[in-house]
Amino acid sequence: MEISKLLPDDEAGCAEAVALKNSAAKLDCPEMLQPTARSYANMLRYGWDMEPEYAYLARDADGNAIGLLAMGVNLYDNTNQVWIDVDVHPDHRGRGVGSALFEYAESLTRELGRDTIGYGCVDLPKADAFARRHGFVQKAVEVNRRQDLTGLDYGVVQRLYDDAVAASTSYELTKLTGPLPEELLEDMVTLTSSINDAPKDDLDMEDDVYSPARLRAYEEAQSKSDHTVYRVIAREKSTGALAGHTVISVERERPHVGEQHDTAVDRAHRGHRLGALVKSAMLLWLRDTEPALTQVDTWNAESNNHMISINEQLNYRVIARILAYQKKL
């Protein structure tokens, strides 16, 4: 078996990587959304916020792609860690491919001078046993939910919005696409940092660190990846303070696909139903501006009961439970 780095300009290699991921997902979690070859290449170019992911393909003696290692290397925060995904083609499981990729990831982590590896896998008994056998300790559970917009009762959305408006009369909404106006950038750094109040469970992680440069890098990465970013921001009328926001990114390659990127409310402004306000306002907006959009995926810690309660009112259903592990080297 040979393991080699996959580069974003390797169109055939990216197509092989996506085909492998689809084969693995078909067995492990058929409904989980997988990237296209183009979007996978863009993740290797730009990442989420200009932190490109690394990927490594494992091939057998005949050159067939049999395993895939993806590595996220944080540059803004948690710089002692890497996070990995490992996929093994179903026809080649039980032959040491996954173990070899884990060992390769450990070697790369040590080369980077880092001491912690995070790993996530679908909540399946064999996957859990595999992670524990390699020294990983489960620290959290993430849940992938999907909103079916074709079956969404917009009467429910309108009532949620109307009730939230009644509870938040001291606030007004701003809707934005594309880059943030310069005059909002500093305040958006503070508001975006509110996401650090979301549960981390037992994960050994420091808070995410945001800055104007990082927010601009996020916008650049999304634009270069051909995604349209929609924001709904709640602002206090009397002070102009930014109090809450939600962000959804819509793919242009697959305009029926959206992803919930962030929803957060500043702790000084909680108790006014701002989370429900911005999320319901977003849905009413997208109904008019993105008529092809049929699904939105979101990820939450399983323990994030408040956000989950809002999502369940908005026709989200569980697609997958992901077990999150960490390992100290």
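That block above? That's the structure.
Throughout, a residue's number is its position along its own chain's written sequence, starting from 1. This being a predicted model, a pLDDT of at least 70 is required before a residue's local features are given, and a value of 80 or more before pairs of side-chain atoms are given or counted; all residues contribute to the totals for chains, interfaces and linings. Side-chain measures were taken over the full set of non-hydrogen atoms in the model, leaving aside hydrogen atoms and water.

Caption draft 1: Layout of unusual backbone geometry. Located in the positive-phi region is N78, a residue other than glycine, with phi close to 45°. Here N78 shows up in the loop between β3 (65-73) and β4 (81-88). Backbone geometry places D201, a non-glycine residue, at a positive phi of 55°. Under the DSSP-based scheme used, a helix requires at least four consecutive residues in state H or I and a strand at least two consecutive residues in state E, with every element numbered from the N terminus. Relative to the helices and strands, D201 resides in the loop between α6 (185-192) and α7 (212-224). Under the relative-accessibility criterion, D201 is labelled partly exposed at 37%. Summary of the burial criterion: residues with accessible area below 20% of their type's maximum are buried, those above 50% are exposed, and those between are partly exposed, where the area comes from a 1.4 Å probe applied to protein chains only.

Caption draft 2: How the structure looks around the nonpolar core. The criterion is simple. A nonpolar core is a set of buried Ala, Val, Leu, Ile, Met, Phe, Trp, Tyr and Cys residues joined through side-chain atoms within 4.5 Å. Counting 30 residues, the largest nonpolar core has L149, V157, L274, M282 and L314 as the members making the most contacts within it. Of all elements in the fold, only α5 (154-167), β8 (227-236), β9 (242-251), α8 (274-289) and α9 (305-313) reach the threshold of two or more residues within this core. Considering each element in turn, this core owes the most residues, 10 residues, to α8. When checking whether two residues touch, look at their non-hydrogen atoms; a contact exists if any pair is within 4.5 Å. Contact partners of L149, with chain neighbours within four places excluded, come to Y154, L283, L293, T294, Q295 and V296. With 26 residues, the next largest nonpolar core counts Y56, A58, I84 and V143 among its residues.

Caption draft 3: Spotlight on the pattern of salt bridges. Only one rule defines a salt bridge in this text: a Lys or Arg side-chain nitrogen within 4 Å of an Asp or Glu carboxyl oxygen. Per the counting criterion, the structure on display carries 24 salt bridges. Notably, a salt bridge pairs R321 with D123, separated by 2.1 Å at the nearest N-O pair. Of this pair, R321 sits in strand β12 (residues 316-328) while D123 is found in the loop between β5 (116-122) and α4 (125-133), placing the two residues 198 residues apart along the sequence. For R321, a relative accessible area of 29% puts it in the partly exposed group. Two residues, R267 and D197, come together in a salt bridge whose shortest N-O distance is 2.5 Å. One end of the pair, R267, is in the loop between β10 (257-265) and α8; the other, D197, is in the loop between α6 and α7, with 70 residues separating them in the sequence. Assessed through its relative accessible area of 60%, R267 is described here as exposed. Each of the salt bridges in this network shares a partner with another, and the network as a whole consists of E182, R216, E219 and R231.

Caption draft 4: Here's a closer look at the sheet that holds β8. The strand order across the open sheet formed by 12 strands is β1-β2-β3-β4-β5-β12-β6-β11-β10-β9-β8-β7, and the pairing between neighbours is mixed. The open sheet has two edge strands, β1 (2-6) and β7 (171-177), and neither has a second partner. Sheet twist, expressed as the average angle between the axes of neighbouring strands with direction ignored, equals 25°. The sheet contacts of α9 involve β6 (137-148), β10, β11 (295-301) and β12, and relative to β11 the element is tilted by about 160°. Strand pairing follows a simple DSSP-based rule, namely that at least 2 bridges must link the two strands. A fitted line through C-alpha atoms represents every axis, and for helices the fit uses only the stretch in contact; the resulting angles, taken between N-to-C directions, go from 0 to 180 degrees.

Caption draft 5: Inspection of the pairing of β6 at higher detail. Strand direction decides the pairing type here: β6 and β12, joined by 10 bridges, are antiparallel. Bridge assignment links V141 to a residue of β12, and that residue is L323. Both β6 and β11 contribute to a ladder of 7 bridges, which runs antiparallel. The residue bridging N144 from the neighbouring strand is W299, located in β11.

Caption draft 6: Geometry of the packing of α8 against α9. Interaxial distance between α8 and α9 falls to 11 Å at its minimum, and their mutual angle equals 35°. Here the hand of the crossing between α8 and α9 comes out right-handed. In this structure, α8 contributes G275, A276 and K279 to the contact, and α9 contributes M307, I310 and N311. By the convention adopted, Pro, Cys, Tyr, Trp, Phe, Met, Ile, Leu, Val and Ala count as nonpolar, Lys, Arg, Asp and Glu as charged, and the other residues, Gly among them, as polar. Residue composition of the contact of α8 with α9, grouped by class: 3 nonpolar, 2 polar and 1 charged. Helix crossings get a hand from a simple test, with the near helix turned counterclockwise from the far one by less than a right angle marking a left-handed crossing and a clockwise turn marking a right-handed one.

Caption draft 7: Looking closely at the side chain of Q147. Of note, Q147 is situated in strand β6. Excluding anything up to four places from it in sequence, Q147 contacts L152, L283, T294, Q295, V296, L314, N315 and Y316.

Caption draft 8: Here's a closer look at the side chain of H261. Mapped onto the elements of the fold, H261 is located in strand β10. Here H261 is in contact with W48, Y218, Q222, V247 and S249, once residues within four sequence places are set aside.

Caption draft 9: Here's a closer look at the packing of helix α1 (residues 11-28) against helix α2 (residues 37-46). One can describe the packing of α1 onto α2 by two numbers: an axis separation of 8 Å at closest approach and a directional angle of 110°. What the angle tells us is that α1 and α2 run roughly perpendicular. For the pair α1 and α2, the sense of crossing is right-handed. Facing C14, A15, A17, V18 and K21 of α1, the residues of α2 in contact are A37, Y40, A41 and L44. Roughly parallel here means an angle under 35 degrees, roughly antiparallel means over 145, roughly perpendicular means 65 to 115, and every remaining angle is called oblique.

Function cannot be inferred from these measures alone, as they are strictly geometric.
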